[in-house]
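Residues per chain, in single letters:
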Amino acid sequence: MKEPIIARLDGISRYYGSGAGQVNALENITLSFDKGAMTALAGPSGSGKSTLLHILGCIDKPDKGTVLIDGIDTTPLSLEQLSSLRLEKIGFVFQSFNLIPVLTAYENVELPLLFKELPKQLIAEKVQEVLAKVGLLERKNHYPRQLSGGQQQRVAIARALVGNPSMILADEPTANLDSNTGKSILDLLFSLNDRESITTVIASHDPAVLERVGKVVRIRDGRIFPD
Amino acid sequence: MNIIKLARLAWRNLLRNGRRTLITLLVSSAGFAALAIVAGYMEFTFYGLQEMTICRGFTAGGGTGHLQIFRKEALDREERFPLEYGIGQNQTIQSEIEKEKNVLATIPRIEFNGLISNGEKSISFLGTGVVPEKEIKLIDYWNQTNKMTNSRRMDNSAYLNLAKGAPNGVLVGEEMAKALDAKVGTNLMLMSTTVDGAVNAVDVTVAGIARNPMKSIDRYYLVSHLETAQNLMFTDKVSKIVVVLNNTGNTQSAIPSISRRINGSGSSGSFSIVPWQSLAEYYYSVRDAYNIIFSFTGIIVVVIVFLSCANTMLMATMERVREIGTLKAIGISNSWISLMFLLEGFFIGLLSVAGGIVLKFLFSIIINNSGFRMPPPPGMTSSYLLNIFPAMEFLPWISLLVIASTTLSGLLALIKIRKISIVNSLSHV
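Rules used in this analysis
- Residues numbered from 1 in each chain as written.
- Chains lettered and ligands numbered in written order.
- Predicted model: local features only at pLDDT ≥ 70, side-chain atom pairs only at ≥ 80, totals over all residues.
- Heavy atoms only, no water.
- UniProt positions renumbered as here; feature names shortened; annotations may be inferred.
- Pairing = 2+ DSSP bridges.
- Helix = DSSP H or I, 4+ residues; strand = E, 2+ residues; numbered from the N terminus.
- pLDDT = per-residue confidence, 0-100.
- Salt bridge = Lys/Arg side-chain N within 4 Å of Asp/Glu carboxyl O.
- Buried < 20%, exposed > 50% of the residue type's maximum accessible area, 1.4 Å probe, protein only.
- Expected span 1.5 Å × (residues − 1).
- Polar contact = N/O pair within 3.5 Å; in protein donor to acceptor, adjacent residues only side chain to side chain.
- Domains from an automatic or database assignment.
- Core = buried A, V, L, I, M, F, W, Y, C linked by side-chain atoms within 4.5 Å.
- Contact = heavy atoms within 4.5 Å.
- Arc of directions from axis to C-beta.
- Axes fitted to C-alpha atoms, helices over the stretch in contact; angles between N-to-C directions.
- Parallel < 35°, antiparallel > 145°, perpendicular 65-115°, else oblique.
- Left-handed = near helix turned anticlockwise from the far one by under 90°.
- Nonpolar A, V, L, I, M, F, W, Y, C, P; charged D, E, K, R; others polar.

Where an unreviewed UniProt entry is consulted, chain A appears under the name ABC transporter, with the organism given as Chlorobium limicola. Database annotation for chain A, UniProt heading Sequence similarities (unreviewed entry): "Belongs to the ABC transporter superfamily. Macrolide exporter (TC 3.A.1.122) family."

In structure tokens form, the structure reads like this:
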């Protein structure tokens, strides 16, 4: 039985600049993401895969086309509504981790939950639980500068995971890590996808990533290319 | 998310961003202190001017005291001859007034004018007939109960000399002494009109050379014994009775009770009681001029404080572009982020007020103990010690201003940052 679709991009185009200097970052992209699936957006630097991920994550708006997340058309949503949608349904993992430097690992993970109406006790339980899942419970009181790159990325994954999102979007999650650490981060993302069926979309040009992902969408010059 | 949780977050951000918070705090605390010191100097200047008006005055007639008692007609009508509406039996009235609990002293005075001559040269004078021992009470008020004592002690030696030189001693201004080539001990002659319209003269001896605070008056300045002036004018009346209270703050409240004593309980009495404010034309003209200067200075300081706060907050906020982008990306709305920044600015404002108060009092202590002397104000002859008053009544307003500055400038910085897209702010370095 085919899995239901969690997100759909329909006729997406994104342009930068105008007139003769206009760059077509994405051109008429139509794509669906199945619930619980692991998808990779592959392509060289500047191909448009990060732009596509940003549009899918509702932190950028397409110039044309529609984005549906969990059946919701995001086109008419206001900035506040889009924030709320991201908070509830999307978890981000960035290439540079993007942890708040003045917050501990625990506080970084806790941050999205503070903006939800949840009791304090439940927040604490959830944070402990995801930190345990990424293997960093003992380091919960460490600041990002006290953690290695791999550990920081684990904290970022925990932060993405803590709100029980419908999907996790990872933009080059292994690009700033050595190959061993990168592998362990991939192992973590794969095991979370396996165990908890969280839809995961990874933008990457790392062959180590692409060879492990079942569905690879290849992008070049803002267009989808078949394998 | 409730406001308390957000306030905790904002507070935590401030504590964790120690360097940033400290720089912003230093700038805004220094701004608070600058404003409070200007206010303290302004208060000192106005207070000094007020007490100077009361104790020494800026006319030839001496200090205004807190209240002056006149015959009602003296204020309403033009006198046909000198002291037509003077006060007779002044000692009885003085004794009655001195029964009031807030009254320190009563001082009779005669104002008269005429010519003073050394035999070769005659110049005009504006004279005051006084009882030196009583005038010293006004100086004692300044020296004993006055906040200005630290800044400037008032010298009573001129009146002591006058008392020693009784009954015909006089004090003359420096410029007058120069004009008449007079020194202490020089014999001079006073000529004036008597109450009958005749011309009379008395011989006087220079008992002291006084320095009137107003340079322009110095050439006409003359103080004689009350008795000398009365002899010259053939009268036993005085022009007015000056009342010295124990505190300037009691001026208005003393009027009704003194009026009851000298006018009885009815509304129509023989005497008018005039508070010092109505006699202090110079005080108000200087105060008005100073108000303009201080307002202008204050506005400049406020603008500098606001711009400094805004600049520091903007720099502090620009360092957080990536953090703001991350917060937005993970789903925290613009309004929550704005509110958090607003709270951070507000807390910085509160901390700046605390820091500013400490700085203000620290600098006040240093300045007040530095012995720094200010040059004489326009038209005056002596310098004075710089003093900064606490200016407590200004502190709540300055606090509000600083808190508003930090809060608003934090928000302005955020508005600037909000224009950067999430995608761009995520990769901002």
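Asks: Would you take a moment to explain the pairing of strand β1 (residues 5-16) of chain A for this structure?
Replies: All names here are of chain A. Here β1 runs beside strand β2 (residues 23-34); their pairing, made up of eight bridges, is antiparallel. In the sheet register, I5 faces β2, and the bridge partner there is D34. Counted along the chain from β1 to the antiparallel partner β2, the turn is six residues long, and its residue G17 has a positive phi close to 75°. Here five bridges tie β1 to strand β4 (residues 64-69), and the two strands are oriented antiparallel to one another. Looking at the pairing, D10 lines up with T66 of β4.

Asks: Whenever I open this one, the UniProt feature "domain: ABC transporter" (unreviewed entry) in chain A confuses me. Can you help?
Replies: The sites that carry the UniProt feature "domain: ABC transporter" (unreviewed entry) are, in the present numbering, residues 7-226 of chain A. End C-alpha atoms of residues 7-226 of chain A are separated by 20 Å, and the span's content is 35% helix alongside 27% strand.

Asks: Explain the confidence of the model for chain A here, please?
Replies: Any region with low pLDDT has predicted coordinates that should not be read closely. Looking at chain A as a whole, its pLDDT mean stands at 91, while 98% of the residues score no less than 70. When the elements of chain A are averaged for pLDDT, helix α7 (residues 207-210) of chain A gives the smallest value, 87, and β4 of chain A the largest, 95.

Asks: I would appreciate a short explanation of the pattern of salt bridges in the present structure.
Replies: Think of it this way: side chains of opposite charge can pair up when their charged atoms draw near. Residue and element names in this part refer to chain B. A full pass over the atoms with the stated rule returns 25 salt bridges over all chains. E96 is paired through a salt bridge with R261; the nearest N and O atoms lie 3.5 Å apart. Here the residue E96 occupies a position in helix α4 (residues 90-98), and R261 occupies one in helix α9 (residues 251-263), the gap between them amounting to 165 residues. Its relative accessible area of 32% is what places R261 among the partly exposed residues. By sharing partners, the salt bridges in this structure join E96, K99, E100 and R261 into a single network.

Asks: Would you explain helix α6 (residues 179-196) of chain A in this entry?
Replies: An α-helical turn contains 3.6 residues, so any two residues separated by three or four positions project in the same direction. All names here are of chain A. Look at α6: 25 Å from first C-alpha to last across 18 residues, which is about the 26 Å you get at 1.5 Å a residue. If you check which residues of α6 are buried, you get T181, G182, I185, L186, L188, L189, F190, L192 and N193. By the N-cap criterion, in which a side-chain oxygen at the helix start approaches the backbone nitrogen of a residue two or three places on, α6 is capped by D178, the distance to N180 being 3.1 Å. Following α6 by one or two positions, S197 has its phi on the positive side, about 55°.

Asks: What should I look at first to understand the domain arrangement of chain B in this one?
Replies: How big an interface is tends to be expressed through the accessible area that disappears when the partners come together. Taken domain by domain, chain B comprises domain 1 (3-51 + 284-426) and domain 2 (65-275). Just the C-alpha atoms count here: the centres of domain 1 of chain B and domain 2 of chain B sit 50 Å apart.

Asks: It is not clear to me how the nonpolar core should be interpreted in this structure. Could you clarify?
Replies: In globular proteins that are soluble, nonpolar side chains generally tend to be buried together. In this structure, V109, L111, F115, V127 and I157 of chain A are the most contacted members of the largest nonpolar core, which totals 65 residues. In contact with I157 of chain A, other than residues within four places in its own chain, are V93, V134, I185, L188, L189 and L192 of chain A. Among the nonpolar cores identified, the runner-up in size contains 41 residues, and I37, M52, Y290 and I388 of chain B belong to it.

Asks: Hey, could you run me through helix α4 (residues 120-133) of chain A in this one?
Replies: For α4 of chain A, which comprises 14 residues, the first-to-last C-alpha distance of 20 Å matches the rise-based estimate of 20 Å (1.5 Å per residue) to within 8%. Taken together, the buried positions of α4 of chain A are I123, K126, V127, V130 and L131 of chain A. One face of α4 of chain A carries all of its buried residues, which in axial projection span an arc of 130°. Turning to α4 of chain A, the residues buried within the fold contact α3 (105-114) and α5 (149-161) of chain A together with α1 (3-16) of chain B.

Asks: What is the right way to look at unusual backbone geometry in this model?
Replies: For residues that are not glycine, phi is negative in most cases, and the peptide bond is trans in most cases. Residues and elements named next belong to chain A. Look at D70: it is not a glycine, yet its phi comes out positive at around 50°. Following the sequence through the fold, D70 ends up in the loop between β4 and β5 (72-73). A positive phi angle is found at E172, which is not glycine, with a value near 45°. Considering the arrangement of structural elements, one finds E172 in the loop between β7 (167-171) and α6. You can call E172 buried: its relative accessible area is 8%.

Asks: Explanation requested: the sheet that holds β2 of chain A in the structure shown.
Replies: Strands in a sheet are paired, the pairing made by backbone hydrogen bonds, and the direction either parallel or antiparallel. With respect to topology, four strands assemble into an open sheet ordered β2-β1-β4-β5 (chain A), the strand pairing being antiparallel. Both edges of this open sheet fall to β2 and β5 of chain A, since each of them pairs with a single strand only.

Asks: Looking at this structure, how should I read the packing of helix α2 (residues 18-55) of chain B against helix α12 (residues 334-368) of chain B?
Replies: A pair of packed helices can be characterised by two numbers: the angle between their axes and the separation between those axes. All names here are of chain B. Two numbers describe how α2 lies on α12: the axes approach to 7 Å, and their chain directions differ by 50°. On the basis of the axis angle, α2 is oblique to α12. Handedness of the α2/α12 crossing: right-handed. Mapping the contact onto sequence places T24, L25, S28, S29, A30, F32, A33, A36 and I37 in α2 and I348, L351, S352, V353, G355, G356, I357, L359, K360 and F363 in α12. Looking at the contact of α2 with α12, its residues break down into twelve nonpolar, six polar and one charged.

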